[in-house]
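One letter stands for each residue in the lines below.
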Amino acid sequence: HSSIHFALEEISSLFRKNTEDVVNYLVKSFDGQKYNYHTKGIAARDFVVNPCLSFLGGTQPSFIYDAFEDKLVGEGYTARVIFVYANKTRFERYNTFTFEPDQIKGKNEIIEHLGKLGKLFGQIEMEPRALELYRWYFEEELPRRRPNFHPKLEHYYGRKNIIATKLAVAIHFADNLDLNLSLTECQL
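A brief structural summary. Position labels on residues start from 1 in each chain and follow its written sequence. Local features are withheld for residues below a pLDDT of 70 in this predicted model, meaning they are given only at 70 or higher, and side-chain atom pairs are given and counted only at 80 or more; totals for whole chains, interfaces and linings count all residues. Heavy atoms from the whole structure form the basis of all side-chain values; hydrogens and water molecules are not counted.

1. Focus: the overall build of the chain
Of regular secondary structure, the chain possesses seven helices and six strands. Burial classes follow relative accessibility: with a 1.4 Å probe on protein chains only, a residue under 20% of its type's maximum area counts as buried, one over 50% as exposed, and anything between as partly exposed. In the chain, buried positions account for 23% of the 188 residues. Contact definition: two residues touch when any of their heavy atoms are within 4.5 Å. Long-range pairs, those at least 24 residues apart, make up 64% of the contacts in the chain between residues at least 6 apart in sequence. In the form shown here, the chain has an accessible surface area of approximately 14,300 Å², with 55% of it arising from carbon and sulfur atoms. Only DSSP runs of H or I reaching four residues or more are called helices, and only runs of E reaching two or more are called strands; each is numbered from the N terminus. Every accessible area reported is derived by Shrake-Rupley at a probe size of 1.4 Å, with residue values counting cover from the shown protein chains alone.

Printed below as a string of structure tokens:
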């Protein structure tokens, strides 16, 4: 098991032209597959066994558009991630470097919780009713009532079950430290 995480304030520094190896690594890490990389000149190789990668990055919506246009990222990668963005400014404020005491307290609570999460290890179990809900939705309901059958969305719908499970895990670990997903956390 090789858990790792990284965060970038600007993901455009990661995705540049001729960096397909980075995208391949991220795709394999998302899927938990062993990653091997052989250098072109020197007889050396890098490998990661059983990767478990968490990645959080910030950027502008215009970069995402450009990355698609330049084919820096493609369906394999984008079917495995969730893009969150604001389409308008959240607030107009000049001084964003001062914090209220309750904001500092909240930040410290988050840091403490993340530290505890970093020490967890083991398999996450889904409550039987939650497992049945996902089985019903992804095997019966979604194939019948899929909102869009455009071919470009095949990869997205093919991995939607994995993304939904990962979102349920994220929701769970926002408040919990046990390894049991409840029906409430898994409701779509």
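Moving on from the coordinates now.
2. Quick word on the packing of aromatic side chains
Aromatic rings from Phe, Tyr and Trp, with only the six-membered ring used for Trp, were paired whenever their centres fell within 6.5 Å, and each pair was classed as stacked if the ring planes differed by under 30 degrees, edge-to-face if by over 60, and tilted otherwise. A complete count under the given rule lists three aromatic pairs for this structure. Ring geometry for Tyr-134 versus Phe-138: centroids 5.6 Å apart, planes at 85°, classification edge-to-face. Residue Tyr-134 and its partner Phe-138 are located together in helix H5 (residues 128-145), separated by four residues, close to a single helical turn. Overall, Tyr-134 belongs to the buried group, its relative accessible area being 7%. The exposure class of Phe-138 is buried, given its relative accessible area of 17%. Arranged with centres 6.3 Å apart and planes meeting at 55°, the rings of Trp-136 and Tyr-137 form a pair that is tilted. In this structure Tyr-137 comes out as buried when scored by relative accessible area, which is 18%. Joined through ring pairs, the aromatic side chains of Tyr-134, Trp-136, Tyr-137 and Phe-138 make up one cluster.

3. Quick look at a nonpolar patch on the surface
Patch members must show over 30% relative accessible area and no salt bridge, and they are joined within 9 Å when carrying like charges or within 5 Å when they are nonpolar side chains of Val, Leu, Ile, Met, Phe, Trp or Tyr. Think of a salt bridge as a Lys or Arg side-chain nitrogen and an Asp or Glu carboxyl oxygen that are within 4 Å of each other. Together, Ile-82, Val-84 and Leu-167 line one region of the surface with nonpolar side chains, adding up to about 310 Å² of accessible area. Of note, Leu-167 is situated in helix H6 (residues 154-175).

4. Considering helix H1 (residues 20-30)
Along H1, the positions that sit buried rather than exposed are Val-23, Tyr-25, Leu-26, Val-27, Ser-29 and Phe-30. Downstream of H1 by one or two residues, Gly-32 has phi in the positive range, about 70°.

5. Let's talk about the environment of Tyr-156
Take Tyr-156: it is sitting in helix H6. Assessed through its relative accessible area of 34%, Tyr-156 is described here as partly exposed. Between the alpha carbons of Tyr-156 and Gly-76 there is a distance of 8.8 Å; along the sequence they are 80 residues apart.

6. A short note on the nonpolar core
Met-126, Tyr-134, Phe-138, Leu-181 and Cys-186 are the most contacted members of the largest nonpolar core, which totals 14 residues. Sorting the residues of this core by element identifies H5, H6 and helix H7 (183-186) as the ones contributing at least two each. When neighbours within four sequence positions are excluded, Phe-138 is seen to be in contact with Pro-143, Lys-160, Asn-161 and Ala-164. Nonpolar cores are built from buried Ala, Val, Leu, Ile, Met, Phe, Trp, Tyr and Cys residues. Side-chain atoms within 4.5 Å join them into one set. The next biggest cluster of nonpolar side chains, apart from the first, holds 13 residues, and it includes Val-23, Phe-63, Ala-67 and Tyr-77.

7. A closer look at H5
To estimate how far a helix should reach, multiply one less than its number of residues by 1.5 Å. Between its first and last C-alpha atoms H5 spans 24 Å; for 18 residues at 1.5 Å apiece the expected length is 26 Å, and the two agree. Of the residues making up H5, those classed as buried are Ala-130, Tyr-134, Tyr-137, Phe-138, Glu-141 and Leu-142. Where H5 is buried, its residues meet strand E5 (125-126), H6 and H7.

8. Focus on the side chain of Glu-185
Position of Glu-185 relative to the elements: it lies in helix H7. Polar contacts, as used here, are pairs of N or O atoms within 3.5 Å; protein pairs need one atom able to donate a hydrogen and one able to accept it. Residues neighboring in sequence count only if both atoms are side-chain atoms. Here His-172 takes part through its side chain, which lies 2.8 Å from a polar atom of the side chain of Glu-185. Of the polar contacts made by the side chain of Glu-185, one reaches the backbone nitrogen of Ser-182; its length is 2.9 Å. The residues touching Glu-185, leaving out its near neighbours within four places in the chain, are Ala-168, Ile-171, His-172, Asn-176 and Asn-180.

9. A closer look at the packing of H5 against H6
Relative to each other, H5 and H6 sit at 155°, their axes nearing to 11 Å. The angle between H5 and H6 places the two elements in the roughly antiparallel class. H6 is crossed by H5, and the crossing has right-handed handedness. Where H5 abuts H6, its residues Tyr-134, Tyr-137, Phe-138 and Leu-142 lie against Tyr-157, Lys-160, Asn-161, Ala-164, Thr-165 and Ala-168. Looking at the contact of H5 with H6, its residues break down into seven nonpolar, two polar and one charged. Note on definitions: angles span 0 to 180 degrees between N-to-C directions of axes, and those axes are lines fitted to C-alpha atoms, for helices only across the stretch in contact. Put simply, angles under 35 degrees are roughly parallel, angles over 145 are roughly antiparallel, angles from 65 to 115 are roughly perpendicular, and the rest are oblique. The hand of a helix crossing depends on one turn: near helix anticlockwise from the far one by less than a right angle means left-handed, and clockwise means right-handed. We call Asp, Glu, Lys and Arg charged. Ala, Val, Leu, Ile, Met, Phe, Trp, Tyr, Cys and Pro are nonpolar, and the rest, Gly among them, are polar.

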